[in-house]
There are 2 protein chains.
Amino acid sequence: MKALEEKILSEAEVLPGDVLKVGSFLNQQIDTVILKQMAEEVKRLFAGEKVDKVLTVEASGIAFATAVALELKVPMVFAKKHASANVSGEQYSAPVYSFTHKKTYEIAVSKAYLSAGERVLIADDFLANGNALKGLISIVKEAGGIVAGCCTEIEKGFQGGGDALRAEGYKVESLAIVESMENGILKFRP
Amino acid sequence: MKALEEKILSEAEVLPGDVLKVGSFLNQQIDTVILKQMAEEVKRLFAGEKVDKVLTVEASGIAFATAVALELKVPMVFAKKHASANVSGEQYSAPVYSFTHKKTYEIAVSKAYLSAGERVLIADDFLANGNALKGLISIVKEAGGIVAGCCTEIEKGFQGGGDALRAEGYKVESLAIVESMENGILKFRP
């Protein structure tokens, strides 16, 4: 999505360790003009798919998932993060390893909010190694639902998580795919 | 807001300890149809106020604040929660005591995302004792901003936080105000 790539080029900061800082418009502060455009683009990209629900994980995925669900006029559900496996049997859960925080946490959704046969669009802000998406996919399957696809705001293409999921047959749409960020120079996948 | 009161009456659960459970449509799962209506109602209620930015606190305030900010076409910023006062000087912060979790946590916003002179609309899902709103108000003032008002989805009127802020001169608009919930019977403020 051209408008997002331009926004990233003009406002994002590249920090050591392949960190792309987008807190000024996509994370702690959110530019709702580009957010609305992104949600409309997701609607266009998934126009051929029936979507019953949008699923994300707290906290940074919630704004994007809310905008997408508002656009699709379907409910949004977010998984909660727990420091350890203290999740009751009333919830669907999956472990997710975070490379950023170097630890595994548990994500969980109350069983009341996912149903068998539902077509779920998974949404998240960032896609790098794909661990958060894999955890959410596992939760949808545990609930007997169908993964309609995955959408993310920014994918780090060079970390391979998105392509691995595509190779497994999932429809994964990222609104900007950063192919490399060597020496602070951002290159997007065409 | 009549539609929200009806939704609360038909779907919310009253649990021991004056807990109003709305996870099925306002919290872990979010009904985007009513969310959109709520955002439109906030726009109407604050039509006379200039609003430069919407501010909330993670995680449960983000969906409502996103919808409101999308409607007002202004940026949304969320404060992060920290277990203790481990907040650097690069951030505005305030302590918030949570009655639900019986502990004080620190909420913080990067100084880059709030500016002097900005008119900030504070948004949150629930208003009970008003501690989260007070913390957010303190952060806006520390940044030299102006509180344009506060909006919340559901206020527990009998806990007094909203009326105390109104008595201090703040414009506080809650889309449903529960006046009492004795014996599981919900009564709204007219």
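Look above for the structure.
Let's shift gears to the side chain of Q28(B). Counting through the fold element by element, Q28(B) comes out in the loop between β2 (19–21) and β3 (29–30). In this structure Q28(B) comes out as buried when scored by relative accessible area, which is 7%. When residues no more than four places from it in sequence are discounted, the contact partners of Q28(B) are M76(A), V77(A), F78(A), A79(A), K80(A), A108(A), V109(A), S110(A), Y113(A) and G23(B).

This next bit is on the interface of chain B and chain A. A common measure of how large an interface is: the accessible area buried when the components associate. With 31 residues of chain B in contact, the opposing surface of chain A contributes 31 residues. Summed over both sides, the interface of chain B with chain A buries roughly 2500 Å², with 61% coming from carbon and sulfur. Among the residues of chain B in contact with chain A, Q28(B), L70(B) and Y113(B) are the three that bury the most area, contributing 30% of the side total. The interface formed by chain B and chain A contains zero salt bridges. Across the contact surface, chain B and chain A share 15 residue pairs in polar contact (both at pLDDT 80 or more). Secondary-structure elements contributing two or more residues to the side of chain B that touches chain A are β3, α2 (32–45), α3 (62–72), β5 (76–82) and β7 (103–110) of chain B. For the side of chain B that touches chain A, the residue count by class is 17 nonpolar, eight polar and six charged. Note that strand β3 (residues 29–30) of chain A and β5(B) share two bridges and pair antiparallel. When the bridges of β5(B) are listed, I30(A) appears paired with M76(B).

This paragraph deals with the pairing of strand β4 (residues 53–57) of chain A. Side-chain positions along a regular strand alternate between the two faces of the sheet. All names here are of chain A. Among the five residues that make up β4, five are buried, leaving the element largely enclosed by the rest of the structure. Burial of the side chains of β4 extends over both faces: K53, L55 and V57 are buried on one face and V54 and T56 on the other. Bridging between β4 and strand β8 (residues 119–127) involves three bridges; their strand directions are parallel. Paired with K53 across the two strands is V120, which belongs to β8. Between the parallel pair β4 and strand β5 (residues 76–82), the chain is carried across by helix α3 (residues 62–72), and the sense of this crossover is right-handed.

Applying the stated criterion across every chain, the model contains 27 salt bridges over all chains. Among the ionic pairs, D163(B) bridges to R166(B), the shortest N-O distance being 2.8 Å. Of the two residues, D163(B) and R166(B) are both situated in helix α5 (residues 161–167); the distance of three residues between them amounts to about one turn of the helix. A relative accessible area of 33% places D163(B) in the partly exposed class. One continuous salt-bridge network, built from bridges that share partners, spans E155(A), D163(A), R166(A), E179(A) and R189(A).

Basis of the calculations
- Along each chain, residues carry numbers from 1 onward, in the same order as the chain's sequence is written.
- Whichever chain is written first becomes A and whichever ligand is written first becomes 1, with later ones labelled in order.
- In keeping with the predicted nature of the model, local features appear solely for residues at pLDDT of at least 70, side-chain atom pairs appear and are counted solely at 80 or more, and the whole-chain, interface and lining totals rest on all residues.
- Heavy atoms throughout the structure, all of them, feed into the side-chain values; hydrogens and water do not.
- Put simply, DSSP H or I for four residues or longer makes a helix, DSSP E for two residues or longer makes a strand, and each gets a number counted from the N terminus.
- Three exposure classes are used, based on accessible area relative to the maximum for each residue type with a 1.4 Å probe and protein chains only: buried under 20%, partly exposed in between, and exposed over 50%.
- Whether two residues touch is decided by their heavy atoms; if any such pair falls within 4.5 Å, the residues are in contact.
- By buried area we mean how much accessible surface two parts lose on assembly, using a 1.4 Å probe and totalling the loss over both.
- A pair is scored as a salt bridge if a Lys or Arg side-chain nitrogen falls within 4 Å of a carboxyl oxygen belonging to Asp or Glu.
- Between N or O atoms, a polar contact is any pair within 3.5 Å; within protein, one atom must be a potential hydrogen donor and the other a potential acceptor, and residues adjacent in sequence are included only when both atoms are from side chains.
- Following the grouping adopted for this structure description, the nonpolar residues are Ala, Val, Leu, Ile, Met, Phe, Trp, Tyr, Cys and Pro, the charged ones are Asp, Glu, Lys and Arg, and the polar ones are all others, Gly among them.
- Should DSSP find at least two bridges between two strands, the strands are taken to pair.
- By convention, a crossover is right-handed whenever its connection, traced from the first strand over the helix to the second and viewed with the strands pointing away, goes clockwise.

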